Structures are given as C-alpha cells and as structure tokens.
Amino acid sequence: MKIESIELHHVAMPLVHPFETSFGREEVRPCILVAVHSQGLTGWGECPVEAAPFYSYETVETAWHVLRDFLVPAVLGQPVERPADVIARFSRVRGHQMARAALENAVWDLLARAQGMRLHRLLGGQRDRVPVGVSVGIEATLDQLLDQVTGYVAQGYRRVKLKIKPGWDVEVVRTVRRRWPDLLLQVDANSAYTLADAPTFRRMDDLDLLLIEQPLDYDDIVDHATLQAQLRTPICLDESITSVERARWALDIGACRVINIKVARVGGLTNAIRIHDLCGERGVPVWCGGMLETNVGRSVNVALATLPNFRLPGDISASARYYQADIAAPDFVLNSDSTLSVPDGPGIGVHILPERLVSVRLRHHVV
Ligand code: NPQ
Ligand code: MG
C-alpha cells in the first residue's frame, strides 16, 4: 500500500478525575492522533504525550515537531507492506519513541484493516479478553484515596495500583492492604526515591504486593539491581525500559523481575512484541502499562495484552474511568471478571467520531 496522505491532530481531553503522580497533577490530557490514508482506508495511531517533560522527555511540541518534520516525510508517498518497512524509514531518527510509535501503530491499524483482520490477530494474540486493573493517583487525604479505591472495587476492578511518593507510601499502602486483604495490589513510585530509601521498600515487603514499579531514577538500571537484591517483592521497570536492548540489559543484571510494556514508551508495537518475546524466553512476566489513552490507544493496549506472556493485569481501565466523551467509539466496558474485551471489527476495532474530534482539537496538520 502507498501512504497517500497523513494527518496530525493535537487534541486536549478533560479527565473525569484529576490524576496525580509523584511528578505532578493533570486535569486535561493532551495527545496527538495520527491518521494515515491509503486506498480509501484510514489507520489511526495515538501519541500519548504530555505538555511537560516530566514522565518522559517527549512533549506535545517535541512529538509534533519530530512527526511533522521527520517521520511523516519519511513515509509519505512510500509503499508499505509490513510495519518493518516503516521502521526502516525511521532508522536515522534517534529516540523520540512516542512520536515513532504513533505513526508505526497507525500503519499497523491500516494494514490490519486492509486485510480485514482484527489487530490482535495480526500481533499474534489468541485471547478475546484481557485482565485489567486501575491506577489510582495520589489524593489530598487518605480518606479520599480510600473512597476512590472503594469505588473502583465496587465497579469490579480486582487489581489496584497505588501511586506513591515520599510521605505517601508505607502507611497508605498498609491501610489499603488491611482494608482489602485479597485485592491484587501494586505500587508505582515514578522514580521518586533513591537507594537511600531502601529501608522504605523493605517495609513494603510484608504488604503482599505484586510488584514495586520504577522506584528509582527514570533512566537507571544499575541501582535498581542493587535494590532488587534486597527485596522479595519484584521490582517492575517502566520509565527505564525504552528499547529492546535496555530490557535485555535490565534482565541481564537483575534490575527487575517484571517489565511494564507501554507501546509508546518503547517506540511502537514491533518493539513491544520483541520485549514481550524476550521476557517470555527468560521466564519474566510482562503487563501492559497505560498513559491515560483515548479509545484509540486503549484498543492497541488491549490487543497487545492478548499476547501470552502478558501474565499480570494491565493498566487498561474502562473508558468511563478516563473521559466523559471519548473521540472514538465504542467505549470499553469492564466485564464482571475484571477484564476488557477485544472489540469486533478490523484493525483497532474503534472508529473516530469526527464531531467529537473537532470539538477537542487544538491543532490540525494535513500533508
Ligand atoms: C505510569 N500511568 O505507569 C503512568 C504514568 C502516567 C496510568 O499510572 C498525566 C499525569 C498523565 C501523569 C500519564 C499510569 C499521565 C501521568 C501516565 C502519568 O507510570
Ligand atoms: Mg509507571
């Protein structure tokens, strides 16, 4: 197929509930949506960047720039028969994984649609539903956090992730664990600690946590290996794993026993599958992380999580947890067994609602 035209849409979506992590609080979620057109078909990809370089160095502006000035021109008018053709055209660009992922994933959707295939089948997934959980942000008070968790448990979520930071950690997590002894529970520090905080994490070893996510620096693996050696609870790396090589290095030195795979952070579906396969060969479980995506990115996450080594519930909640009115339909609804279903229909199986898209759009670029 020849890529005939490409559109970039910069949108801003108000969140149902503000989301606070160790690095900040967000009420409106920006993102860039990429549409690739060929032979009357359109493939969609999402770039879940933020306004500020706090989770990742990539921002809306860097991703827009790299897409518009480098990645889009590299594939426009070019033939693509498989995702590897796109990746080859990106090879001169260093980094900017989220920008790459948006365009590569749009091409996956296009190719799946052209074959009348659901994306998860093209990826090699077998399941039709995937176990999921919810990521609960930092709240102003412990009571407010307990209210949030109560609500999500009542909705049927069987796995909860708590965001932690210094001063909002062991006691908070212990309180939640005592209230819900059987809940699948894990924590995410988003790099808020140093090795000097090892005693804090040793105190969490008794709280029956599935894992402790990214306790140390965003690009570290060496100190994580030191910390992991002192803990029974598995460390899970998120921010530090931006490529297949980094995943291999982390496993080689024992920096983690679990990996969180986010398609955008690792530069697209091809790298996500490679990391999944590598971890499978090493007996290391993976799970699918989330970036508060719209239904476009969420559908990719569900499709990816159907691969066999996704052995822990993903940060892929129902659409209602994120936005009042998503830009794509149908919405994802939580099944009674704390799973989400793969949508019917070719490609990502969700379709863009043009009026909604225009109503939240800040910028539009067509080539
Ligand atoms: C994580 N996500 O696993 C991320 C990070 C993240 C669902 O916990 C605004 C503010 C948007 C903070 C998107 C979840 C964000 C954000 C993702 C943090 O680390
Ligand atoms: Mg994380």
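Above this text you will find the structure in question.
Residues numbered from 1 in each chain as written. Chains lettered and ligands numbered in written order. Predicted model: local features only at pLDDT ≥ 70, side-chain atom pairs only at ≥ 80, totals over all residues. Heavy atoms only, no water.

The next subject is the side chain of Thr-339. You can see Thr-339 is positioned in strand β13 (residues 339-341). Looking at Thr-339, its side chain comes within polar contact range of the side chain of Asp-337, at 2.6 Å. If sequence neighbours within four positions are ignored, Thr-339 has contacts with Arg-129, Val-130, Pro-131, Val-132, Val-333 and Leu-334. (Helix = DSSP H or I, 4+ residues; strand = E, 2+ residues; numbered from the N terminus. Polar contact = N/O pair within 3.5 Å; in protein donor to acceptor, adjacent residues only side chain to side chain. Contact = heavy atoms within 4.5 Å.)

Residues of helix α9 (residues 244-253) that are buried include every one of Val-244, Ala-247, Ala-250 and Leu-251, and no others. Each buried residue of α9 lies within a common arc of 125 degrees when the element is viewed along its axis, so the set occupies one face. Close packing links the buried residues of α9 with β9 (235-237), β10 (258-261) and α10 (269-282). Of the residues one or two after α9, Gly-254 is the one with positive phi, at around 70 degrees. (Buried < 20%, exposed > 50% of the residue type's maximum accessible area, 1.4 Å probe, protein only. Arc of directions from axis to C-beta.)

For the magnesium ion (ligand 2), the protein coordination sphere consists of Asp-188 (OD), Glu-213 (OE) and Asp-238 (OD), at 2.1 to 2.3 Å. Summarised as a motif, the one-chain spacing of the donors to the magnesium ion (ligand 2) is D-x24-E-x24-D. Of this pair, Glu-213 sits in strand β8 (residues 212-213) while Asp-238 sits in the loop between β9 and α9, and the two are 25 residues apart along the sequence. Just as Glu-213 is buried, Asp-238 falls in that class too. (Donors = N, O, S within 2.8 Å, 3.2 Å for Na, K, Ca; no water.)

What follows deals with the sheet that holds strand β15 (residues 361-366). Across the sheet, four strands lie side by side as β3-β2-β1-β15; this open sheet has antiparallel pairing. The two strands at the open ends of the sheet, each matched to only one other strand, are β3 (41-47) and β15. Averaged over all pairs of adjacent strands, the angle between strand axes in this sheet comes to 25 degrees, irrespective of strand direction. Sheet topology note: the strand β1 (residues 5-21)/strand β2 (residues 24-38) ladder contains 13 bridges and is antiparallel. In the sheet register, Ala-12 faces β2, and the bridge partner there is Pro-30. The strands that helix α1 (residues 60-75) touches are β1, β2, β3 and β15; relative to β1, the one it contacts most, it runs at about 155 degrees. (Pairing = 2+ DSSP bridges. Axes fitted to C-alpha atoms, helices over the stretch in contact; angles between N-to-C directions.)

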